[in-house]
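Observations on the three-dimensional arrangement
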Amino acid sequence: IKYKSGQLDMEGALTARDRVGIQDFVLLDETTEAAFLTNLKKRFSKDLIYTYVGTLIVSVNPYKELDIYNKKQMDTYMGVNFFELPPHIYALADNAYHTMLTEFNNHFILISGESGAGKTEASKKILQYYAVSCPSTTLLNTVRDKMLMSNPVLEAFGNAKTLKNDNSSRFGKYMDIQFNSEGDAVGGHILNYLLEKSRVVHQNHGERNFHIFYQLVEGGADDLLRQLGLERDVQHYNYLTQGECAIVSSINDRNDWKTVKNALQVINFDEINTNHLFGIVASVLHLGNIQFDSDSKASIYTHLMLFSSQLLGVDAQSLQEGLTFRKIEARKDQVLTPFTIDHAIYARDALAKAIYGQTFTWLVNRINESMENKDPSRKTVIGLLDIYGFEVFYVNSFEQFCINYCNEKLQQLFIQLTLKAEQDEYEAENIEWEPVQFFNNKIICDLVEEKHRGIISILDEECLRPGDATDLTFLERLEDKMGNHPHFVTHKLADKMTRKTLERGDFRLLHYAGEVTYCVLMCQSKNAIVKECFSTMDPDSRKRPETVATHFKSSLLKLTEILMAKEAWYIRCLKSNESKQPGQFDEALIRHQVKYLGLMEHLRVRRAGFAYRRKFDVFLKRYKPLCPATWPHWRGEPADGVEVLVQHLGYLPHEYKMGRTKIFIRHPRTLYATEDAYEKCKHELATRLQAKYKGYRAKGEFKKQKEAATKIETCWRGVQARKEKEKRAWAVKVIKKFIKGYMTRGQAKTTDNSEYLAFVRQSYLNRLKEKLPKTVLDKTTWLTPPVVLQETSEILRKLHYRLMVRKYVRGITPQKKAQLQLKATASSIFKGQKDSYPQSVAQPFVDTRISKCHIYSCSLTVLCSVFLQYSVPVIKYDRNGFKPRPRQLILTQTAAYVIEEAKIKQRVLYTSLKGISVSNLTDDIIVFHITCEDPKQKGDLVMQCNHLFEFLTKLSVIAKKQNVIQIEIQAGKESAVDFTTGQEPMVYKAKNGHLMVVS
């Protein structure tokens, strides 16, 4: 359970009483059983399993895991006042511990309840709390480990599955935890009571024997089982199968075996003692399998006798004799009388129970030796008493009689100590004690334990009486001795109506918790020898041993003396339902337990007089806001402040009393009215407090931030000043070096100018990097170097240009390469020779100027057969009269063709082309000089071509006639071409009969 901050004190939870109930039953408006159960159910529905009755804790088993036992919860409850936090078993454990340290006295915690109510778990939680909360050293940790690890060992040998609980404690246990003056756990001691030895030989249907038998058979190593003569099958052993539930899903015997083995090592059991211990456990199993034959006398016919005697370390013959014969001593003579089969079985079972019982006692003693504190200095103790609660079954036998007698004594002690504590507190506070009416069960305790007249004394007398003592003779003695007792009824003594509910072998006791009917005690044990169960025995002694009932009575009286010397704390454990289901609240079952645990009696004792009491300072601290005179600070004595406060609240004189250190309030309703008033003003107070606190926090935060800002500014300014100083010192040094270097820059490299020269180099290279020429043609932008870098600069310049050229060349495509080659050829022919050449450089050359689809079709077929290389449109001038005629000029591999629309007008073989003339002006006139040896040739050819440079370059490459092109004018024999310049370019026949070309 994770408690919210608003629930962290008991009074604070009063405001939530409608939702989660009252945390202390003392504060109930009505002290009725119905109100008690309603409050318990309301809290249980919210998983609040703990509720107080004063300092007593009522614990309801939730049958599920709750997150309320972790380390964080332990830390929360350490050193906290009992009522400051919600009810918890840790609160009780912590307050018992700190009260012990403060007052240096002894305490005990009584844990009671039915089987399955959670007593053993409560005991474990208290031990775990002390293990965590107490101071820690290596020695102390060892002691704590032994105390904690004693639990699994005692549970293995003393717990069993019953119909109500899969891990039911079948013995009573009282453990003293010893503390020194510093609060360290330094030792421990265990007392055990009334081990249910009958379970060793008999189990009811649905129940098991003690856990250790199943753990040994299921978990023991094969070698160990072989040595003990056991088989790994619990069905093989009579003592383990009577309940017909040897295997239980909720119990893992193999894992529990490992835990027990480890625990035995922690509490210092050596291998020899461990083997002897398991040998005794195995011997009990073998005894249970021993069979007898013959009706008239018993004799053993099984080999198991040998195993049993070996494991017990006794003579096999003596063991067999003891199981089959009764020894009768008459003066000095001894007579052996054979047993019948029934008597032999009784003897076998009695031996098995006696062996197991004595082994359990020896085991407890060994654990005590392991935890014993050797330091003789005075110690204080906290005792843990984990014992059966009141039991009422359909058939109640000797065990229930002893258990209920124990609870009668504890109830008597409980009432005495509670009344005494209440009376002591009243006297200490000078409050008049008002007598409390309650049922005093001393009359019932006397009925059971009174000397010579009690039931136990009569039982002892009947056991010792010569002659045949039977169950009925014992019942007759009880009727004779107690016939008039108001709390004793038998079939013979009862009235007519009551007699119908009693068998003839029954008697009924009216306990403090209700009526219980017992069958005559020995009848249900199925073992006549159970009357005399020995704890120790002298073989030569003829004295009758103490009976179980007398021994238990003596032990209980000693326990009562121990507890009377200690301060008492109580935990009452309740089962929420019989089916062990989480979330189920069986009101009938809870009512039954509330009655048998005497919780209403305890509540009435605590509610007698005043229901609520608190120290003055605690009461004033909580409720002072309700009175202007006490808020916010009361400067006087707390008692005076409380008096002023209650007067302001209007308390009537009979509603409260002022003690020496505490205020006593009679009725819960008075407290609730005060609490409701406090709740109303709390919100306004909270608002004002929050405003004040926020203002205080904001002002403090502002001051802190202002101081921090001032400090940061100071530090920052100092840092900046130091940086500036360093920077200036560095700058002065650098400038001085720079000036010296500049002054000696023309000298050889020295210490003074080396850095300057390096700076100059670096500076030049950085500037050069930013201003490198971008193209190969850029010959002017290279930075002028300083003197020291002239040679280096020249090398870099050449490298850079070579790099640009290399990049340019690698980026040229085959098409562009061919273009450049043509341009280079044109340059070699025309550069500086013809005025219009520079304008043509940027114009690209194309493969042809006339596409095939535009070449005259009449000549295309002929020309394709001689590989067409280039075509261009031209204007041809007749030699006679210079009449212009549009033509197409086509170049092939061998000749140039002049084509008209219908036919080829002229073919000029490259071999007959002796020269080509152009002017040095900007005109486009071309003259082919053709040899006249061939009669078919018509003489020189005069043409005008708009793509003069492209045409002549292509022609010079195809015809390989670069050298025949002349940039000049030569007169012919028959006609002439005159070249001149003018306003507009034109070509016409001049008056002198020449061809005039105006550029």
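Source: prediction; values computed, not measured. (Residues numbered from 1 in each chain as written. Predicted model: local features only at pLDDT ≥ 70, side-chain atom pairs only at ≥ 80, totals over all residues. Heavy atoms only, no water.)

**Side note on the packing of helix 23 (residues 616-623) against helix 24 (residues 638-649)**
Helix 24 packs onto helix 23 with a crossing angle of 45 degrees between their chain directions and a minimal axis gap of 9 Å. Compared by their axis directions, helix 23 and helix 24 come out oblique. Handedness of the helix 23/helix 24 crossing: left-handed. Residues Phe 616, Asp 617, Phe 619, Leu 620 and Tyr 623 of helix 23 form the contact with helix 24, whose participating residues are Pro 638, Ala 639, Gly 641, Val 642, Leu 645 and Val 646. Broken down by class, the residue content of the contact of helix 23 with helix 24 amounts to nine nonpolar, one polar and one charged. (Axes fitted to C-alpha atoms, helices over the stretch in contact; angles between N-to-C directions. Helix = DSSP H or I, 4+ residues; strand = E, 2+ residues; numbered from the N terminus. Parallel < 35°, antiparallel > 145°, perpendicular 65-115°, else oblique. Left-handed = near helix turned anticlockwise from the far one by under 90°. Contact = heavy atoms within 4.5 Å. Nonpolar A, V, L, I, M, F, W, Y, C, P; charged D, E, K, R; others polar.)

**Points about helix 20 (residues 548-564)**
In a regular helix each residue adds 1.5 Å, so 17 residues correspond to 24 Å; helix 20 covers 24 Å between its end C-alpha atoms and thus fits that length. Buried within helix 20 are the following residues: Val 548, Ala 549, Thr 550, Phe 552, Lys 553, Ser 555, Leu 556, Leu 559, Thr 560 and Leu 563. (Expected span 1.5 Å × (residues − 1). Buried < 20%, exposed > 50% of the residue type's maximum accessible area, 1.4 Å probe, protein only.)

**Looking at the nonpolar core**
Formed by 182 residues in total, the largest nonpolar core has its most connected members in Ile 109, Tyr 130, Phe 157, Ile 212, Phe 213 and Phe 619. Among the elements that line this core, the one with the most residues is helix 15 (residues 398-428), at 12 residues. Sequence-distant contacts of Phe 213, defined by excluding residues within four places in its chain, comprise Leu 240, Val 281, Val 284, Leu 285 and Tyr 356. Ranked by size, the runner-up nonpolar core spans 33 residues in total, among them Leu 891, Val 918, Ala 959 and Ile 967. (Core = buried A, V, L, I, M, F, W, Y, C linked by side-chain atoms within 4.5 Å.)

**Topic: the sheet that holds strand 13 (residues 488-490)**
Spatially, three strands are ordered 13-14-15 in an open sheet, and the strand pairing comes out antiparallel. Every interior strand has two partners, whereas the edge strands, strand 13 and strand 15 (514-519), have only one. Between one strand axis and the next, the sheet turns through 25 degrees on average, direction left out of account. Sheet topology places strand 14 (residues 506-511) next to strand 15; six bridges connect them, and they run antiparallel. Opposite Leu 509, over in strand 15, you have Val 516 as the bridge partner. (Pairing = 2+ DSSP bridges.)

**Considering the pairing of strand 19 (residues 662-665)**
Burial of the side chains of strand 19 extends over both faces: Lys 662 and Phe 664 are buried on one face and Ile 663 and Ile 665 on the other. In this sheet, strand 19 lies alongside strand 17 (residues 612-615) in antiparallel orientation, the contact comprising four bridges. Paired with Arg 613 across the bridge in strand 19 is Phe 664. With three bridges connecting them, strand 18 (residues 656-658) and strand 19 associate as antiparallel partners. Each bridged residue has a counterpart across the sheet, and for Lys 657 the counterpart in strand 19 is Phe 664. In textbook terms, the turn of a hairpin is the stretch between consecutive antiparallel strands, and for strand 18 and strand 19 this stretch comprises three residues.

**A look at the UniProt feature "binding site: ATP" (unreviewed entry) in the protein**
Following the UniProt record, one finds the feature "binding site: ATP" (unreviewed entry) at Gly 113, Glu 114, Ser 115, Gly 116, Ala 117, Gly 118, Lys 119 and Thr 120. Positionally, Gly 116 belongs in the loop between strand 3 (107-113) and helix 5 (119-133). According to the relative accessible area criterion, Gly 116 is buried, its value standing at 9%. If we ignore the near neighbours within four places in the chain, the residues touching Gly 116 are Asn 61, Tyr 63, Lys 164, Asn 165 and Lys 575. Tracing the sequence through the fold places Lys 119 in helix 5. Residues in contact with Lys 119, not counting those within four places in the same chain, are Ile 111, Ser 112, Gly 113, Glu 114, Asp 386, Ile 387, Tyr 388 and Cys 573. (UniProt positions renumbered as here; feature names shortened; annotations may be inferred.)

**Let's talk about the environment of Val 846**
Structurally, the position occupied by Val 846 is in the loop between helix 29 (837-841) and helix 30 (857-864). The class for Val 846 is partly exposed, based on a relative accessible area of 29%. Every residue in contact with Val 846, bar those within four places of it in the chain, is listed here: Tyr 870, Glu 950 and Lys 954.

**Section: the pattern of salt bridges**
With the rule as written, the count across this model stands at 29 salt bridges. A salt bridge links Arg 797 to Glu 794; its shortest N-O distance comes to 2.7 Å. Taken together, the residues span about one helical turn, with Arg 797 and Glu 794 both in helix 27 (residues 790-810) at a distance of three residues. Under the relative-accessibility criterion, Arg 797 is labelled partly exposed at 26%. (Salt bridge = Lys/Arg side-chain N within 4 Å of Asp/Glu carboxyl O.)

**Section: the environment of Arg 607**
Its location among the elements puts Arg 607 in helix 22 (residues 599-607). Separated by 579 residues in the primary sequence, Arg 607 and Leu 28 place their C-alpha atoms 9.4 Å from one another. Aside from chain neighbours lying at most four places away, what touches Arg 607 is Phe 25, Val 26, Leu 27, Leu 28, Asp 29, Thr 31 and Pro 668.

**Considering the packing of aromatic side chains**
Counting across every chain of the model gives 24 aromatic pairs. Both rings, one in Tyr 837 and one in Phe 949, keep their centres 5.8 Å apart while their planes meet at 70 degrees; by these two values the pair is edge-to-face. With Tyr 837 in helix 29 and Phe 949 in helix 31 (residues 948-958), this pair connects stretches of sequence that are 112 residues apart. The class for Tyr 837 is buried, based on a relative accessible area of 10%. Feature note: the residues Tyr 69, Tyr 90, Tyr 97, Tyr 129, Tyr 130 and Phe 179 constitute an aromatic cluster, connected by ring pairs. Lying across the ring of Tyr 69, Lys 125 places its NZ or CZ 4.8 Å from the centre. A cation over a ring is seen here: Lys 823 above Phe 845, with NZ or CZ 4.1 Å from the ring centre. (Phe/Tyr/Trp six-rings, centres within 6.5 Å; stacked < 30°, edge-to-face > 60°. Lys NZ or Arg CZ within 6 Å of the ring centre and 35° of its normal.)

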